[in-house]
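Below are the chains, spelled out letter by letter.
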Amino acid sequence: MAQKIILDCDTGVDDTMAILYAALHPEIDLLAVGSVWGNVDIETATRNCLHTVAMAGRAEIPVARGAAGPIDGSDAVFAYHVHGDDGQGNAGTGRPVGETVEWTAAEQIIRLAKRHPKEIELIAVGPMTNVALALSLCPELPSLLKGVTIMGGAAGAPGNVTEVAEANIHSDPEAAAAVFSATWPLTMVGLDVTMITTLDDSHRATLAAGGSIGQYMADILDFYFSFFEAAAFGERRSCMHDALAVAIGAGLLEPELAPIVNAYVVTGAGPTRGQTVCDLRGMYMGYPEQHGATTRVVLKSDPAFAKDVVRVIAEAGDSPIDLTRVR
Ligand code: RIB
Ligand code: CA
């Protein structure tokens, strides 16, 4: 049976890949998508969510609009320099598609969790604002979900916003802290694995040789590759952060090392704001059980899995919607 998931995303370039993968994979039942601020503003993120499900030929998947900024009301900071002004590497069609549902992304999580108790994996790949809001609206939510998987944090790897903080956590540490301290089984797919699961020009060539969906994905990766070349790798390749979280959260990729440990998020002011502190002290003993631990921290997974994600998208053929760019 396909794994039911809800995907919550701040749709920039890698989120687009994650939605495509989830919407196209036969072993994933993508029930709904929620947008959240983060890589781009909420208008742009929502438009990109709608566009991506339609591009995949899955326009029936509901898309709910989510939070526009951090849960504490502080100012939102976006990452247009990473994802382009349109969140699509400045290569999007510029054509809006579809409409959101009337409920919010947080309400959508609750509605679906109540409809399918203990069956849904909630996969959050942007700031965790919607998830924390859902938790505050419905404190019994942890008992209604199968689990929560996030793309976020760094257990041993350096951060990508500050020395120690990853973007999705750093964007809204208070929301992330609520997600980490809830009682659901939490899987953290952080920079420890997403920084070493990368896409290169051979993956882009495979996408470009596919139908219009693959070609679109190859096009929008161009800008993303340039960012990673300058900021991280010194050569043309990129991470695919969010699709890796989908693969692990949906059970399609079994991590090679993922101990269940105590973990928390640093909140408050100071240089470690947004750090994920994971108790890895058991590493020399094969990670013995820790009292009260609920966070499965993915420390090792197969980097070659990137080609599976690329294959699903490249083989999807042509989109039912027009993907040419508006001039
Ligand atoms: O740190 C990487 C994460 O931040 C990814 O989810 C990316 O899309 C951004 O949201
Ligand atoms: Ca994201």
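Parameters and conventions
Residues numbered from 1 in each chain as written. Chains lettered and ligands numbered in written order. Predicted model: local features only at pLDDT ≥ 70, side-chain atom pairs only at ≥ 80, totals over all residues. Heavy atoms only, no water. Near = heavy atom within 4 Å. Polar contact = N/O pair within 3.5 Å; in protein donor to acceptor, adjacent residues only side chain to side chain. Areas by Shrake-Rupley, 256 points an atom, 1.4 Å probe, with all protein chains shown as cover. Helix = DSSP H or I, 4+ residues; strand = E, 2+ residues; numbered from the N terminus. Nonpolar A, V, L, I, M, F, W, Y, C, P; charged D, E, K, R; others polar. Buried < 20%, exposed > 50% of the residue type's maximum accessible area, 1.4 Å probe, protein only. Contact = heavy atoms within 4.5 Å. Donors = N, O, S within 2.8 Å, 3.2 Å for Na, K, Ca; no water. Phe/Tyr/Trp six-rings, centres within 6.5 Å; stacked < 30°, edge-to-face > 60°. Lys NZ or Arg CZ within 6 Å of the ring centre and 35° of its normal.

Draft legend 1. A look at the site of ligand 1. In the neighbourhood of ligand 1, the contacting residues comprise Asp 10, Asp 14, Asp 15, Asn 39, Val 125, Met 151, Asn 160, Glu 166, Ala 167, Asn 168, His 241 and Asp 242. Interatomic distance of 2.8 Å between a side-chain N/O atom of Asp 10 and an oxygen atom of ligand 1. Taking 270 Å² as the accessible area of ligand 1 by itself, protein coverage stands at 96%. If you list the elements that add at least two residues to the shell around ligand 1, you get helix H1 (13-24), helix H7 (167-171) and helix H12 (241-249). Of the residues assigned to the shell around ligand 1, the class counts are three nonpolar, four polar and five charged.

Draft legend 2. Layout of the environment of Thr 100. Mapped onto the elements, Thr 100 comes out in the loop between helix H3 (80-83) and helix H4 (105-115). Judged by relative accessible area, which is 31%, Thr 100 ranks as partly exposed. In sequence terms Thr 100 and Ala 155 are 55 residues apart; their C-alpha atoms lie 36 Å from each other. For Thr 100, the contacting residues outside a window of four places in its chain are Thr 46, Leu 50, Val 63 and Arg 65.

Draft legend 3. Geometry of the coordination of the calcium ion (ligand 2). Protein ligation of the calcium ion (ligand 2) involves Asp 10 (OD), Asp 15 (OD), Asp 15 (OD), Val 125 (O) and Asp 242 (OD), the donor distances falling in the range 2.2 to 3.0 Å. All donors to the calcium ion (ligand 2) come from one chain, and their sequence spacing reads D-x4-D-x109-V-x116-D. Residue Val 125 is located in the loop between strand E4 (120-124) and helix H5 (129-137), and its partner Asp 242 is located in helix H12; the two are separated by 117 residues in the primary sequence.

Draft legend 4. Geometry of the packing of aromatic side chains. Within the structure shown, the criterion is met by six aromatic pairs. Judged by centre distance (4.9 Å) and plane angle (80°), the ring pair of Tyr 224 and Phe 228 falls under edge-to-face. Of the two residues, Tyr 224 and Phe 228 are both situated in helix H11 (residues 212-233); the distance of four residues between them amounts to about one turn of the helix. Take Tyr 224: its relative accessible area is 2%, and that puts it in the buried class. You can call Phe 228 buried: its relative accessible area is 5%. When the centroid spacing of 5.3 Å and the interplanar angle of 80° are considered together, the rings of Phe 227 and Phe 228 count as edge-to-face. An aromatic cluster of three or more residues is present, and its members are Tyr 224, Phe 227, Phe 228 and Phe 233. The side chain of Arg 204 reaches across the aromatic face of Phe 225, ending 5.7 Å from its centre. The ring of Phe 233 has Arg 237 lying over it, and the distance from NZ or CZ to the ring centre is 4.0 Å.

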